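Here's the letter readout for the chains.
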Amino acid sequence: MNLEILTPDKKVFEGEVTSVTVPGAQGSFEILNNHAPIISTLENGKVVVRAGGREQSFYTYGGVVEVIDNKVIVLAEGVKEN
């Protein structure tokens, strides 16, 4: 599936991933391939991206996540790469 992490200033990440874990308002949750469509608000916290056996994490400040047709878009107020 394709993931984009965006802030008002720039595109932080774009690429094919196997899973992504986001800090949802009701708790963290993992998004896998063929996930049901969803829109959720995000709390401040860690977004963990997994692809090709590697893991990368970003600390996001608020925002929303949208999942539809194996495309995940994280719109964050700010991002700090870990």
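Let me sum up the structure you'll find in this document. Bear in mind the structure is a predicted one, so any value in this text is a computation, not a measurement.

With that out of the way, let us pick up the side chain of serine 57. Along the chain, the position of serine 57 falls in strand 7 (residues 54-61). A residue is classified by how much of its surface remains accessible, and serine 57, at 16% relative accessible area, is buried. Apart from residues no more than four positions distant in its own chain, serine 57 is found in contact with Lys46, Val47, Val48, Glu81 and Asn82.

It is worth spelling out the nonpolar core at this point. Most often, soluble globular proteins keep nonpolar side chains buried together rather than apart. The biggest cluster of nonpolar side chains holds 17 residues, and the ones touching the most others in it are Leu3, Val22, Ile31, Val49, Val65 and Val72. Contributing elements (two or more residues each) for this core: strand 1 (2-6), strand 3 (19-24), strand 4 (27-32), strand 6 (45-51), strand 8 (64-68) and strand 9 (71-75). Residues in contact with valine 22, not counting those within four places in the same chain, are Gly27, Ser28, Phe29, Ile31, Leu42, Lys46, Val47, Val65 and Val74.

On to the sheet that holds strand 10 (residues 78-81). Pairing in this open sheet of 5 strands is antiparallel, and the strands run 4-3-6-7-10 from one edge to the other. Of all strands in the sheet, those bounded by a partner on one side alone are strand 4 and strand 10. Going across the sheet, the axis of each strand differs from the next one's by a mean of 25°, ignoring polarity. Note: strand 3 against strand 6, 3 bridges, orientation antiparallel. Bridge pairing links threonine 21 to valine 48 in strand 6.

A few words on unusual backbone geometry. Peptide bonds are, in most cases, trans, and in most cases residues other than glycine have a negative phi. One non-glycine residue, asparagine 34, adopts positive backbone phi at about 65°. Its place among the elements puts asparagine 34 in the loop between strand 4 and strand 5 (38-41). Owing to a relative accessible area of 62%, asparagine 34 belongs among the exposed residues under this scheme.

The rules behind the values
Residues numbered from 1 in each chain as written. Predicted model: local features only at pLDDT ≥ 70, side-chain atom pairs only at ≥ 80, totals over all residues. Heavy atoms only, no water. Helix = DSSP H or I, 4+ residues; strand = E, 2+ residues; numbered from the N terminus. Buried < 20%, exposed > 50% of the residue type's maximum accessible area, 1.4 Å probe, protein only. Contact = heavy atoms within 4.5 Å. Core = buried A, V, L, I, M, F, W, Y, C linked by side-chain atoms within 4.5 Å. Pairing = 2+ DSSP bridges. Axes fitted to C-alpha atoms, helices over the stretch in contact; angles between N-to-C directions.

The values reported here are purely geometric and, on their own, carry no functional implication.
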